[in-house]
Amino acid sequence: PAPEAPSNVLASISASVDHSQCVGFNTAALATDGNLYNRVVASGCTAQDLVYDLGSQETVSELKYVYCTNPGFSNGAVNAFSLSVGNTIDGTYTNVLSDTIPEDVLGDKIGQELSFPFTATSGRYWKFSALSNHGNPDYIWTCEIELY
């Protein structure tokens, strides 16, 4: 039999609103709900943290970012980002991945996945940090994120 495909450990898990930063207009759950017409948007921010409690230790070795719709302009989307793991939701987080996401200038990348593999790491608490956007001084948003 064919090996079983890895599952997305973030599927439908809501980010902790109490521990996330800049989730303004929408709840933090919208980055993991599979709906590419949703996004986690905040006004007055150019960076954003989404903190997830997986409920138990999970070993993860890949982040996938899936482009979603934009609100008619693209420069508020995630540019530089990092992914970190922690032992407690309030504790110190260790960076496992840092990279950038190309801007969807034309709005035609909806549904395209970007894959970011990293060294397999175990943890219960995971933080996706949008460190910058593509130049908008007022808005930031995160599309669909998945962990495998």
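Let us look at the structure shown here. (Residues numbered from 1 in each chain as written. Predicted model: local features only at pLDDT ≥ 70, side-chain atom pairs only at ≥ 80, totals over all residues. Heavy atoms only, no water.)

**A look at the packing of aromatic side chains**
Inference 1: Following the criterion strictly, the structure yields 7 aromatic pairs and no others.
Inference 2: Ring plane angle 75° and centroid distance 5.0 Å describe the contact between F81 and F116, whose orientation is recorded as edge-to-face. Placement of the pair is F81 in strand β3 (residues 80-86) and F116 in strand β5 (residues 113-130), with a sequence separation of 35 residues. One exposure class covers both F81 and F116, and it is buried.
Inference 3: Centre to centre, the rings of F81 and F128 are 5.5 Å apart; their planes meet at 20°, and the pair counts as stacked. Residue F81 is found in strand β3, and its partner F128 is found in strand β5; the two are separated by 47 residues along the sequence.
Inference 4: Classification of F81 by relative accessible area gives buried; the value is 0%.
Inference 5: Its end group placed over the ring of Y148, K64 keeps NZ or CZ at 4.8 Å from the ring centre. (Phe/Tyr/Trp six-rings, centres within 6.5 Å; stacked < 30°, edge-to-face > 60°. Helix = DSSP H or I, 4+ residues; strand = E, 2+ residues; numbered from the N terminus. Buried < 20%, exposed > 50% of the residue type's maximum accessible area, 1.4 Å probe, protein only. Lys NZ or Arg CZ within 6 Å of the ring centre and 35° of its normal.)

**Some thoughts on the sheet that holds strand β2 (residues 48-66)**
Backbone-to-backbone hydrogen bonds pair the strands of a sheet. The strands run either parallel or antiparallel.
Inference 1: Across the sheet, which stays open at both edges, the 5 strands sit in the order β4-β3-β5-β2-β7 with antiparallel pairing between neighbours. What marks the edges here is a single partner per strand, and that holds for β4 (93-100) and β7 (144-147). Ignoring which end each strand starts from, the neighbouring axes of this sheet average 30° apart. (Pairing = 2+ DSSP bridges. Axes fitted to C-alpha atoms, helices over the stretch in contact; angles between N-to-C directions.)

**Some thoughts on unusual backbone geometry**
Inference 1: Phi is positive for S12, close to 65°, though the residue is something other than glycine.
Inference 2: On the secondary structure map, S12 appears in the segment before β1 (40-43).
Inference 3: Of the residues examined, S12 reaches a relative accessible area of 61% and is grouped as exposed.
Inference 4: For C22, which is not glycine, the phi dihedral falls at a positive 60°.
Inference 5: Relative accessible area serves as the criterion here: at 26%, C22 is assigned to the partly exposed category.

**Comments concerning the nonpolar core**
Inference 1: Counting 37 residues, the largest nonpolar core has L63, W126 and I145 as its most contacted members.
Inference 2: Elements represented by at least two residues in this core include exactly β1, β2, β3, β4, β5, β6 (139-142) and β7.
Inference 3: Apart from the residues within four sequence positions on either side, I145 is in contact with L10, A31, T32, L50, Y52, L63, K64, Y65 and F128. (Core = buried A, V, L, I, M, F, W, Y, C linked by side-chain atoms within 4.5 Å. Contact = heavy atoms within 4.5 Å.)

**Observations concerning the environment of F73**
Inference 1: Topologically, F73 is positioned in the loop between β2 and β3.
Inference 2: The spatial distance from the C-alpha of F73 to the C-alpha of T100 is 19 Å, given a sequence separation of 27 residues.
Inference 3: Setting aside residues no more than four positions away along its own chain, F73 makes contact with N136, Y139 and W141.

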